[in-house]
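Structural overview for review
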Amino acid sequence: MRSRPHRLERLPEQYFTALLARVASAAAEDGEPVIDLGRGNPDVPPPPHVIEALARAAGRSDTHGYAPFAGIASLKEAIVERYRTVYGVDLDPAREVALLPGSKTGLIEFAQVTTERGGTIVLPDPGYPDYRSAVALAAAELALLPLLGDGRPDWDAAPKEADALYLNYPSNPAAVCAPPGVFAEMIERAHSMDAWVLHDFAYGDLVFDGRRPQSFLAEDGAREVGLELFSMSKSYGMAGWRLGFALGNAELVARIEDLQNHAFAGIFRPVQEAGVAALTGPQETVEERRALYEARRDRALAALAGLEARSEGSFFVWLRLPDGVTCERLLEEHRVAIAPGEGFGATGRGWARLSLATPDERLDEGLERLRAALELESG
Ligand SMILES: Cc1ncc(COP(=O)(O)O)c(C=O)c1O
């Protein structure tokens, strides 16, 4: 049998698949049920009117053939209107928006459409593990850009030239929002490195403590250097539906649509129509969801008082483990799972990511176990 192609050999272990397997194997052993605070899977469903729109569209006979490959115009118009009203950004729906079957797909596609084999892609460290998969699948070289304490990249560590640069605010796993001036720096560095920029905005609306959502595209010059990815998964609880957008640079949007014309055949039309309902219908649930995560964040930080822990946005808390404590031990001995920081990059060693996308009762029970395991005073 022929060996696996080189690109697949380069893929890292899929971090979340491996994490789920470790949690499942611990759960299969005798003992208390495991509480999983490792996984970031939204626990609140989409608003009812969105589910009704899906059901209505699926009940029609004209929605089951191939949808237009590039998507229906009303969905592109709906996301453009949202960008205008929520983020103060004006986009051209015909040229500056591509639909994605989930923004995760866009992470992989961005590398494909910007970088030749052997080119360089710069990733944040710590960062979302699937960015590394994008580098491997493009047969590109990886350069890491450490994030400093406030989430700002350590630009001194950046290569002089690169093909692509990925950044992500609010960030997973570090849970920091964009520090002041960082978007302008990204644009400046993109020009000096001659790199395309991808800003991953998956947690864009989930910001805490009175912060306002901040789109990269609101920065002057952003659309000349790259794209922003918006996800329906977190703002509307539609993670399983697989719907997202790439917005900004018209040349890159065209390249992504071209790639998708070859690799996919559009997104199920009822999902697109329900996406329109989500984006144009009542928006209260976006704020309710944000406030729910913020309240959980407050409970988590109170329970973990005494540890170095932070969360300005996203639905995660990023915390430093006390010396000698490992996530493996917490799982095996205390039956609570959190995601080990080193899986997000070398700077994550000694840290861990706790997910707030967990129903309140389970979150509280998980926090209680962590507090006991880490011998923290009552929060
Ligand atoms: C930082 C980040 N980017 C992108 C994604 C992908 O989101 P989706 O493909 O559901 O739009 C996730 C999902 O967890 C994420 O955490």
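Everything below is about the structure printed above this text.
Below you will find a few notes about this structure.

So, how was this worked out
- Residue positions are given per chain, counting from 1 as you read along its sequence in written order.
- Reporting of local features is limited, given that this is a predicted model, to residues whose pLDDT is at least 70; pairs of side-chain atoms are given and counted only at 80 or more, and all residues count toward the totals for whole chains, interfaces and linings.
- Hydrogen atoms and water are omitted, and side-chain values are computed over all heavy atoms in the structure.
- Classification of residues uses two cut-offs on accessible area relative to the type maximum, computed with a 1.4 Å probe and protein chains only: under 20% is buried, over 50% is exposed, and between them is partly exposed.
- Strands are runs of DSSP state E lasting at least 2 residues, helices are runs of H or I lasting at least 4, and numbering of each runs from the N terminus.
- The criterion for strand pairing is that DSSP finds at least two bridges linking the strands in question.
- Whether a crossover is right-handed comes down to one check: with the strands pointing away from the viewer, does the path from the first strand over the helix to the second run clockwise; if it does, it is right-handed.
- Grid points spaced at 1 Å and placed over the protein atoms alone form the basis of the search, with a cavity being a set where a 1.4 Å probe fits but cannot get out and a pocket an open set showing protein on both sides within 12 Å along at least five of seven lines. Lining residues have an atom within 4 Å of a point.
- Grid points are joined across faces, edges and corners, and a volume is the space filled by probe spheres set on the points.
- Gly is put with the polar residues, along with every residue not named as nonpolar or charged; the nonpolar set is Ala, Val, Leu, Ile, Met, Phe, Trp, Tyr, Cys and Pro, and the charged set is Asp, Glu, Lys and Arg.
- What a helix is expected to span follows from its residue count: subtract one and scale by 1.5 Å.
- Contacts: residue pairs with any heavy atoms within 4.5 Å of one another.
- When the centres of two rings from Phe, Tyr and Trp lie within 6.5 Å, Trp using its six-membered ring, the rings pair. Their planes under 30 degrees apart give stacked, over 60 give edge-to-face, and anything left gives tilted.
- Any Lys or Arg side-chain nitrogen located within 4 Å of an Asp or Glu carboxyl oxygen qualifies as a salt bridge.

Residues in a regular strand point their side chains to alternate faces of the sheet. Among the five residues of strand β6 (residues 196-200), four are classified as buried, and the element is accordingly described as predominantly covered. Of the strand pairs in this sheet, strand β5 (residues 164-168) and β6 are connected by five bridges, and their pairing is parallel. Bridging from a neighbouring strand, L167 pairs with H199 of β6. For the crossover from β5 across helix α7 (residues 182-193) to β6, the handedness is right-handed. Summarising the sheet, β6 and strand β7 (residues 226-231) pair through four bridges and their orientation is parallel.

Before going further, it helps to spend a moment on empty space enclosed by the protein. One pass over the structure, following the stated rule, counts four cavities of 30 Å³ or more. Of the voids in this model, the largest cavity is the one considered here, and its volume is about 80 Å³. In this structure, the largest cavity is lined by F69, A70, G71, L99, P101, Q260, N261, F264, G266 and I267. Counted by class, the lining of the largest cavity contains six nonpolar, four polar and no charged residues.

Once that is clear, we can look at α7. For α7, with twelve residues, the first-to-last C-alpha span of 16 Å sits near the 16 Å given by 1.5 Å per residue. The inward-facing, buried residues of α7 abut β5, β6 and α8 (222-225). Just past α7, the residue D194 takes up positive phi, approximately 60°.

The four strands are arranged β9-β10-β13-β12 in an open sheet whose pairing can be described as antiparallel. At either end of the open sheet lies a strand with only one pairing partner, and these are β9 (309-310) and β12 (339-340). The pairing of strand β10 (residues 316-320) with strand β13 (residues 351-355) spans five bridges and is classified as antiparallel. In the sheet register, F316 faces β13, and the bridge partner there is S355.

If you walk through the whole model with that rule in mind, you get 19 aromatic pairs. Measuring from ring centre to ring centre gives 5.6 Å for Y203 and F316, while their planes differ by 70°; the resulting arrangement is edge-to-face. Separated by 113 residues along the polypeptide, Y203 in the loop between β6 and α8 and F316 in strand β10 bring together distant segments of the chain. Using a relative accessible area of 5% as the deciding quantity, one classes Y203 as buried.

Taken as a whole, this structure holds 28 salt bridges when the rule is applied. Close ionic contact of E81 with R84 constitutes a salt bridge, the shortest N to O distance being 2.7 Å. With E81 and R84 both in helix α4 (residues 73-87), this residue pair falls three residues apart, about one helical turn. Given the relative accessible area of 38%, E81 is considered partly exposed. For R299, the salt bridge identified is with D364, shortest N-O distance 2.9 Å. In this pair, R299 sits in helix α12 (residues 284-303) while D364 sits in helix α14 (residues 360-373), placing the two residues 65 residues apart along the sequence.

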